[in-house]
Amino acid sequence: MIRAASLLLLCAAAHAAMPEPSLDTAFDKLFNFDFPATHQVLDQYIELHPQEPLAYSVRAAGYLFYELNRLGILESEFLIDDKRIAKKEPPLQPDPAVRAKLMKALDDAQQRASAALSHDPNDRQALLSLVIAQGVTVDYMAFIEKHQFRSLTPAERSNSYAQRLLRLDPHFYDAYLTAGLSEYMVGSLPFFIRWFVHFDNVDGDKAKGVRCLETVAREGHYLKAFGQILLGIIDLREKRPRDARKLLVELSQNYPANPLFKKELVKLNAKLGM
């Protein structure tokens, strides 16, 4: 009896010592490119919070980053070359099983976010969930399926949700990521395409877009690292390699298990003769 009670106490103590899974931990694993650990944390979190939409959007982002990394799309040589981004031949070979999981996660996020917003139209976490879910859709369509023009529709939706968040709370810094990316992206579109594209509260001011991304990189919560990544890509596209290097150094320090950050830093150091 005493031995059984002791075992129960030990199990209870071990359970109490285990940290509760959090979305902060999931994002940390995601930006370290530890995809199995990302999904493990999310599975545990969703078991405790099955109706929270944001976790499902992060799950979709995990599948997206896995595929982008596997297909070499996150390499700087790809992201700074518009011709390679648009090139349809030879076609990429996405994993159909991963795509199915990604689409299921997006559907789960949409359903739960819609339910939350039906109760409270100003639910900030539900709106952020939709910002991320639509952003994941944009990237999958544009980079993997090569439907760049069609991806403008979910891009508009993602921006609309971000603008709603910012009208509710100008200090909801994660929302500046999509708002800033929309500014930069629309500003980079050819004029004849911009004529047919309307993004809520977006003028196509690339400098304003960069300022928004700098705000995320400084003040963001979940998406701070993503803001730094996007700024680094923009710096490389705009021929500012030393600025990109500063961001890569910080990202490598904050996410030491991420092999891509280290690889990109080595390549950039070689180009700069460092």
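Note that the coordinates shown come from a computational prediction; the quantities given were computed from them, not determined experimentally.

Reading the values: the criteria
- Residues numbered from 1 in each chain as written.
- Predicted model: local features only at pLDDT ≥ 70, side-chain atom pairs only at ≥ 80, totals over all residues.
- Heavy atoms only, no water.
- Helix = DSSP H or I, 4+ residues; strand = E, 2+ residues; numbered from the N terminus.
- Rg over C-alpha atoms; globule rule 2.2 N^0.38 Å.
- Buried < 20%, exposed > 50% of the residue type's maximum accessible area, 1.4 Å probe, protein only.
- Contact = heavy atoms within 4.5 Å.
- Areas by Shrake-Rupley, 256 points an atom, 1.4 Å probe, with all protein chains shown as cover.
- Lys, Arg positive; Asp, Glu negative; His and termini not counted.
- Charge placed at Lys NZ, Arg CZ, Asp CG, Glu CD.
- Salt bridge = Lys/Arg side-chain N within 4 Å of Asp/Glu carboxyl O.
- Axes fitted to C-alpha atoms, helices over the stretch in contact; angles between N-to-C directions.
- Left-handed = near helix turned anticlockwise from the far one by under 90°.
- Expected span 1.5 Å × (residues − 1).
- Polar contact = N/O pair within 3.5 Å; in protein donor to acceptor, adjacent residues only side chain to side chain.

Draft legend 1. Main features of the overall build of the protein chain. Across its full length, the protein chain carries 15 helices and zero strands. Here the C-alpha radius of gyration of the protein chain, 20 Å, is about what a compact globule of 274 residues would show, namely 19 Å. Expressed as lengths along the three principal axes of its C-alpha atoms, the size of the protein chain is roughly 80 × 50 × 40 Å. The buried share of the protein chain, reckoned over its 274 residues, is 47%. Across the protein chain, every contact between residues at least 6 apart in sequence was considered, and the portion connecting residues at least 24 apart equals 62%. Working note: accessible area of the protein chain is about 14600 Å², and carbon and sulfur atoms make up 59% of it. Positive and negative side-chain charges in the protein chain, numbering 34 and 34 respectively, have mean positions lying 5 Å apart.

Draft legend 2. A look at the pattern of salt bridges. Inspection of the entire model under this criterion finds 15 salt bridges. In this structure, the salt-bridge partner of D43 is R59, at a minimum N-O distance of 2.7 Å. Of the two residues, D43 sits in helix 3 (residues 35–48) while R59 sits in helix 4 (residues 53–70), which places them 16 residues apart along the sequence. With its nearest N and O atoms 2.8 Å apart, the salt bridge here joins E77 to K267. Here E77, found in helix 5 (residues 76–79), pairs with K267, found in helix 15 (residues 259–272); they are 190 residues apart in sequence, far enough to count as distant. Taking relative accessible area as the criterion, E77 reaches 32% and is therefore assigned partly exposed.

Draft legend 3. Inspection of the packing of helix 14 (residues 241–254) against helix 15 at higher detail. Running from N to C, helix 14 and helix 15 point in directions that differ by 150 degrees, and their axes come no closer than 10 Å. Our pair here, helix 14 against helix 15, has a crossing hand that is left-handed. Contacts between helix 14 and helix 15 involve P241, R242, A244, R245, L248, V249, L251 and S252 from the former and F261, K262, E264, L265, L268, N269 and L272 from the latter.

Draft legend 4. Representation of helix 12 (residues 206–219) in the model. For helix 12, with 14 residues, the first-to-last C-alpha span of 20 Å sits near the 20 Å given by 1.5 Å per residue. Taken residue by residue, helix 12 has G209, V210, C212, L213, T215, V216 and A217 as its buried positions. As for helix 12, its buried residues are in contact with helix 10 (175–188) and helix 13 (224–237). The opening residue of helix 12 is D205, an N-cap whose side-chain oxygen sits 3.1 Å from the backbone nitrogen of A207.

Draft legend 5. Looking closely at the environment of L177. Following the sequence through the fold, L177 ends up in helix 10. Taking the C-alpha atoms as reference points, L177 and K224, 47 residues apart in sequence, are found 8.6 Å from one another. Once residues lying within four places of it in the same chain are set aside, the contact partners of L177 are L213, V216, L223, F226, G227 and L230.

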